Amino acid sequence: MTAHAARTGVWFIGARGSVATTATAGCAAVAAGLHPPTGMVTETPPFHGAGLPPLTSLVFGGHDTLDCPLPKRAEALAAGGVLPHGLPSAVRSELTAADEEIRSGGPLPGDTRTDEELVASFATDIQDFTHRHGLARTVVINVASTEPAPGADDSRLPASSLYAAAALRAGCPYANFTPSTGLRSPHLREAVDSCALPHAGRDGKTGQTLLRSVLAPMFVQRALPVRAWSGTNLLGGGDGAALADPAAAAAKNAGKERVLADTLGSAPEGEVHIDDVPAMGDWKTAWDHIAFDGFLGSRMILQTIWQGCDSALAAPLVLDLARLLARAHELGLTGPRPELGFYFKDPDGGPAGLPEQYQELLAFAERLRAAR
Ligand SMILES: NC(=O)c1ccc[n+]([C@@H]2O[C@H](COP(=O)([O-])OP(=O)(O)OC[C@H]3O[C@@H](n4cnc5c(N)ncnc54)[C@H](O)[C@@H]3O)[C@@H](O)[C@H]2O)c1
């Protein structure tokens, strides 16, 4: 295999968003040795020798309905403290190269194209990118704005499903890092069942839900019944604005609550709220309030405060997923990959607790290594 053919495409849906911009800039920075790969699980020792594509071999492109140039988007993230000061100029050429590979996607306001025309157009964009760069394969990852769950009577596919269908048509492995429908549309069932491609989803597990997936098993294992689990999130940025729509927030919260139901056996009392606070930008504060019972009915409370930079949490995981799915595709692995449940709030099967999910991921790394 030539060095050229061994390059791997990463096609972001939502390529100008905070997560995609941070992943694109971050990959260039780590590949150039400017920063360590903090938060990238695939850069830890269990993954050495697993045949994952090196970060230096990744080529970025994608779809976005926004037309702000990627270097400018990166400057805005640096001004908000998401990217280190000076990083956008240090990786400007990589950002410019990725920017030239971003297509406008859709549906755009007033778009008259049918679903079939949109899928065909998106698939052509992805195939064109793969062929022009002579890539061995391209992994498509959805990091676009969260959309409301589609209604039962909707005759059109949601945008996330149009892109997911396009990924399959273009012969690409696919991951849905958002709570949007993606491949989980009943209209795509046949295409998914017959696609012979590896795919994983949905909704990245990066902050509050990551913590929940660690804490919930603790209560179960110590036989401490959880009476109520309530949570509140404050965040800004594009994600905060998108989640100000109650229908989009409902899609997101369903994933957060699912982790508790899966682990505790039933959903405890309590809700999750998301408040858009634009001044916070990509920084999120998440509070959890957990009421639980102790011996002889003593009533106790655990409260947690998580303060994180959402894009910095998500970007390394997105790069991990691109590399793992590329390698799975190279080995001919197909279908939903429960081994990647470690990364998702709403995974494709597998255990619900983080330690068990990590063990599955390590076993997957071993399988990838053994196939060399
Ligand atoms: N950051 C995290 O920790 C985290 C965790 C889990 C899930 N997510 C999800 O990742 C997604 C991205 O988050 P973000 O902070 O980057 O949001 P963002 O608002 O910064 O970026 C979203 C991008 O999607 C683009 N977009 C919207 N509709 C589109 C369409 N039809 N076609 C193509 N592009 C479209 C927007 O123009 C924007 O550039 C969100 O759905 C979020 O819920 C993020």
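Residues numbered from 1 in each chain as written. Predicted model: local features only at pLDDT ≥ 70, side-chain atom pairs only at ≥ 80, totals over all residues. Heavy atoms only, no water.

Novice: Help me understand the sheet that holds strand β7 (residues 226-235) in this model?
Specialist: In a beta sheet, neighbouring strands are held together by backbone hydrogen bonds and run either parallel or antiparallel to one another. Across the sheet, four strands lie side by side as β8-β7-β9-β10; this open sheet has mixed pairing. Unpaired on one side and paired on the other, β8 (272-276) and β10 (299-309) mark the two borders of the sheet. Between one strand and the next, the sheet's axes are offset by a mean angle of 10°, whatever the strand orientation. Helix-sheet contacts for helix α8 (residues 208-221) involve β7, β8, β9 (283-293) and β10, and the interaxial angle to β7 is about 165°. Relative to the sheet, helix α11 (residues 310-330) contacts β7, β9 and β10, its axis offset from that of β10 by approximately 80°. (Pairing = 2+ DSSP bridges. Helix = DSSP H or I, 4+ residues; strand = E, 2+ residues; numbered from the N terminus. Axes fitted to C-alpha atoms, helices over the stretch in contact; angles between N-to-C directions. Contact = heavy atoms within 4.5 Å.)

Novice: For this particular structure, what's the right way to read the site of the ligand?
Specialist: Inspection of the region around the ligand gives 29 residues, with Val19, Asp64, Ala144, Tyr163 and Thr206 positioned closest. Thr206 has a polar side-chain atom sitting 2.8 Å from an oxygen atom of the ligand. Coverage of the ligand by the protein chains reaches 91% of its 850 Å² of free accessible surface. Those elements that provide at least two residues to the shell around the ligand are α1 (18-31), α6 (159-169), α9 (237-242) and α11. For the shell around the ligand, the residue count by class is nine nonpolar, twelve polar and eight charged. The residue makeup of the shell around the ligand includes at least three contributed by each of domain 1 (8-204 + 312-370) and domain 2 (208-309). (Near = heavy atom within 4 Å. Polar contact = N/O pair within 3.5 Å; in protein donor to acceptor, adjacent residues only side chain to side chain. Areas by Shrake-Rupley, 256 points an atom, 1.4 Å probe, with all protein chains shown as cover. Nonpolar A, V, L, I, M, F, W, Y, C, P; charged D, E, K, R; others polar. Domains from an automatic or database assignment.)

Novice: Could you clarify how one ought to interpret the packing of α11 against helix α12 (residues 354-370) in this entry?
Specialist: Two packed helices can be described by the angle between their axes and the distance between those axes. Contact geometry for α11 and α12: axes closest at 11 Å, N-to-C directions at 45°. The pairing of α11 with α12 is recorded here as oblique in orientation. Of the two possible hands of crossing, α11 and α12 adopt the one that is left-handed. Contacts from Leu324, Arg327 and Ala328 of α11 reach α12 at Leu361, Phe364 and Leu368. Looking at the contact of α11 with α12 residue by residue, the classes come out as five nonpolar, no polar and one charged. (Parallel < 35°, antiparallel > 145°, perpendicular 65-115°, else oblique. Left-handed = near helix turned anticlockwise from the far one by under 90°.)

Novice: Would you mind showing me how to read helix α4 (residues 92-99) here?
Specialist: In an α-helix, one full turn covers 3.6 residues, which means residues spaced three or four apart are oriented alike. For α4, the full list of buried residues reads Leu95, Ala98 and Asp99. Viewed along the axis of α4, the buried residues span an arc of 100°, placing them on a single side of the element. On its buried face, α4 sits against α1, β2 (58-63), α2 (70-79), α3 (87-90) and β3 (102-103). (Buried < 20%, exposed > 50% of the residue type's maximum accessible area, 1.4 Å probe, protein only. Arc of directions from axis to C-beta.)

Novice: Can you help me understand the sheet that holds strand β4 (residues 137-142) in this one?
Specialist: Spatial strand order, β3-β2-β1-β4-β5-β6-β11: seven strands in an open sheet with parallel pairing. Of all the strands in the sheet, the pair left with one neighbour each is β3 and β11 (335-336). In this sheet, β3 lies alongside β2 in parallel orientation, the contact comprising two bridges. Considered in β3, the bridge of His63 is made with Arg103.

Novice: When you look at the domain arrangement of the protein chain in this model, what are you seeing that I'm missing?
Specialist: Interfaces are frequently sized by the accessible area removed from exposure as the parts join. According to the domain assignment, the protein chain contains domain 1 (8-204 + 312-370) and domain 2 (208-309). Of note, the centres of domain 1 and domain 2, computed from C-alpha atoms alone, are 25 Å apart. Across the boundary between the two partners, domain 1 contributes 21 residues, which contact 25 residues of domain 2. Interface of domain 1 and domain 2: buried area, both sides summed, is about 1,600 Å²; carbon and sulfur atoms make up 61% of it. Broken down residue by residue, the surface that domain 1 buries against domain 2 is led by Thr146, Lys345 and Leu354, which jointly contribute 33%. Where domain 1 packs against domain 2, one counts one salt bridge. Note that Arg258 is salt-bridged to Asp346, the shortest N-O span being 3.1 Å. For the interface between domain 1 and domain 2, the tally reads six residue pairs in polar contact (both at pLDDT 80 or more). Elements represented by at least two residues in the side of domain 1 that touches domain 2 include exactly α11 and α12. Considering only residue class, the side of domain 1 that touches domain 2 consists of nine nonpolar, six polar and six charged. (Buried area = accessible area lost by both parts, 1.4 Å probe. Salt bridge = Lys/Arg side-chain N within 4 Å of Asp/Glu carboxyl O.)

Novice: Would you mind going over unusual backbone geometry with me for this structure?
Specialist: Keep in mind that most residues, glycine aside, have a negative phi and that most peptide bonds are trans. The omega angle of the peptide bond from Gly106 to Pro107 is -10°, so this bond is cis rather than trans. Omega for the bond connecting Gly201 with Arg202 falls within 30 degrees of zero, at -5°, which places this linkage in the cis form. Its place among the elements puts Arg202 in the loop between β6 (198-201) and α8. For Asp203, which is not glycine, the phi dihedral falls at a positive 70°. By secondary structure assignment, the location of Asp203 is in the loop between β6 and α8.

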